[in-house]
Amino acid sequence: IEQTPLQHTMAALDNLIPRNILAAVANGNMLGLCSFSIMFGIAAASLDNDQVLQLLENLNQLLVAMLPYRSQPFAIFFLVAKVVATHAKDFGNILNALGLFTGCVMLALALQFFLVLPAIYYAATHRNPYKWMREMESPLFVAFCTCSSAATMPYTLHAVATNWPKTSTARFVIPVGAQLNMNGTSI
């Protein structure tokens with residue numbers, strides 16, 4: 001079922017506060033896990049009992065020691081919850097630092113999207129990269145909203161089939177490229 005960009009945006013906002021924290025962990029809903037961790041940390045900080053903070057620290061150390069990929073969401077939860085609970089009085093400073101970090105990442109991604117990648121496209125094809133971006137508007141928007149190469153693939157294949165005559169190569173290149181071209185993650 002094809003979703004509109006508004007439906008993708010609403011789904012991302014819906015994931016912000018998970019209905020079930022265990023389902024969020026199982027499904028890899030990092031946004032929901034982080035927002036729940038912040039709320040949990042604030043609640044833990046409001047208690048006058050250091051046992052909760054000590055429990056969070058011990059569980060975090062245990063999960064970091066185990067560190068296989070499947071336990072990382074739990075480790076993130078306990079790490080964020082402990083930091084928020086420990087520094088609840090400095091919550092404004094924490095949000096300020098996170099905002100600054102987010103701003104830097106967004107600036108780096110914007111520079112990559114609007115300058116670096118178009119320069120590479122132009123150097124390789126000698127075509128206007130911004131015309132190409134307009135033709136690929138739907139998959140680019142889905143990629144931005146979902147942050148998932150796999151979710152974007154059907155939209156990319158559809159846009160290529162609509163805008164370019166040779167789609168046989170694209171059916172091979174797009175799935176391979178979705179896995180190999182993850183340079184935005186390195187920012």
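Above this text sits the structure in question.
The structure presented is a predicted model; accordingly, all values stated were derived computationally and were not measured.

S.K.: I would appreciate a short explanation of the overall build of the protein in the present structure.
M.R.: Helix and strand counts for the protein come out as 10 helices and 0 strands. By the burial criterion, 23% of the 187 residues in the protein qualify as buried. Put simply, of all contacts in the protein between residues at least 6 apart along the chain, 48% involve residues at least 24 apart. Put simply, the protein shows about 13000 Å² of open surface, and 67% of that area lies on carbon and sulfur atoms.

S.K.: It is not clear to me how the packing of aromatic side chains should be interpreted in this structure. Could you clarify?
M.R.: Each aromatic ring pair is characterised by the separation of its centres together with the angle its planes make. Applying the stated criterion across every chain yields a total of 3 aromatic pairs. Both rings, one in Phe-113 and one in Phe-114, keep their centres 4.9 Å apart while their planes meet at 85 degrees; by these two values the pair is edge-to-face. Using a relative accessible area of 29% as the deciding quantity, one classes Phe-113 as partly exposed. Relative to Trp-132, the ring of Tyr-121 lies with its centre 5.4 Å away and its plane at 25 degrees, an arrangement referred to as stacked. Of this pair, Tyr-121 sits in helix α6 (residues 91–125) while Trp-132 is found in helix α7 (residues 129–135), placing the two residues 11 residues apart along the sequence. Judged by relative accessible area, which is 26%, Trp-132 ranks as partly exposed.

S.K.: Just checking my understanding: could you explain unusual backbone geometry for this structure?
M.R.: Working note: non-glycine residues mostly have negative phi, and peptide bonds are mostly trans. A positive phi angle, close to 55 degrees, is found at His-126, a residue other than glycine. Within the secondary structure layout, His-126 lies in the loop between α6 and α7. Owing to a relative accessible area of 60%, His-126 belongs among the exposed residues under this scheme.

S.K.: Help me out: how do you make sense of the packing of helix α1 (residues 5–14) against helix α8 (residues 137–146) in this one?
M.R.: Between two packed helices, what matters for the description is the angle formed by their axes and the separation of those axes. Where α1 contacts α8, the axes come no closer than 9 Å and their chain directions differ by 5 degrees. Between α1 and α8, the crossing angle belongs to the class labelled roughly parallel. Taking contact as the criterion, the partners of Pro-5, His-8, Thr-9 and Ala-12 in α1 are, on α8, Phe-141, Val-142, Cys-145 and Thr-146. Considering only residue class, the contact of α1 with α8 consists of 5 nonpolar, 3 polar and no charged.

S.K.: Looking at this model, I keep getting lost on the nonpolar core. Mind explaining?
M.R.: One finds Met-136, Met-153, Ala-159, Val-160, Ala-170, Ile-174 and Ala-178 forming the largest nonpolar core, which totals 7 residues. Of all elements in the fold, only α9 (149–163) and α10 (168–180) reach the threshold of two or more residues within this core. Here Ala-170 is in contact with Leu-157, Val-160 and Pro-175, once residues within four sequence places are set aside. If you look at the next biggest cluster of nonpolar residues, it comprises 6 residues, including Val-25, Leu-56, Phe-78 and Ala-81.

S.K.: What should I look at first to understand helix α3 (residues 30–46) in this one?
M.R.: Because each turn of an α-helix spans 3.6 residues, side chains separated by three or four positions in sequence point in the same direction. With 17 residues, α3 should cover 24 Å at 1.5 Å per step; its first-to-last C-alpha distance of 24 Å lies within 8% of that length. Every buried residue belonging to α3 is among Gly-32, Leu-33, Ser-35, Ser-37, Gly-41 and Ala-44, and all of these are buried.

S.K.: Can you help me understand a nonpolar patch on the surface in this one?
M.R.: Judged by side-chain polarity, Leu-107, Leu-111, Phe-114, Leu-115, Val-116, Leu-117, Ile-120 and Tyr-130 come together as a nonpolar surface patch covering roughly 750 Å² of accessible area. Tallying contributions element by element places α6 first for the nonpolar patch, with 7 residues. Within the secondary structure, Leu-117 sits in helix α6.

About the cut-offs
- Residues numbered from 1 in each chain as written.
- Predicted model: local features only at pLDDT ≥ 70, side-chain atom pairs only at ≥ 80, totals over all residues.
- Heavy atoms only, no water.
- Helix = DSSP H or I, 4+ residues; strand = E, 2+ residues; numbered from the N terminus.
- Buried < 20%, exposed > 50% of the residue type's maximum accessible area, 1.4 Å probe, protein only.
- Contact = heavy atoms within 4.5 Å.
- Areas by Shrake-Rupley, 256 points an atom, 1.4 Å probe, with all protein chains shown as cover.
- Phe/Tyr/Trp six-rings, centres within 6.5 Å; stacked < 30°, edge-to-face > 60°.
- Axes fitted to C-alpha atoms, helices over the stretch in contact; angles between N-to-C directions.
- Parallel < 35°, antiparallel > 145°, perpendicular 65-115°, else oblique.
- Nonpolar A, V, L, I, M, F, W, Y, C, P; charged D, E, K, R; others polar.
- Core = buried A, V, L, I, M, F, W, Y, C linked by side-chain atoms within 4.5 Å.
- Expected span 1.5 Å × (residues − 1).
- Patch = residues over 30% accessible without salt bridge, like charges linked within 9 Å, V, L, I, M, F, W, Y side chains within 5 Å.
- Salt bridge = Lys/Arg side-chain N within 4 Å of Asp/Glu carboxyl O.

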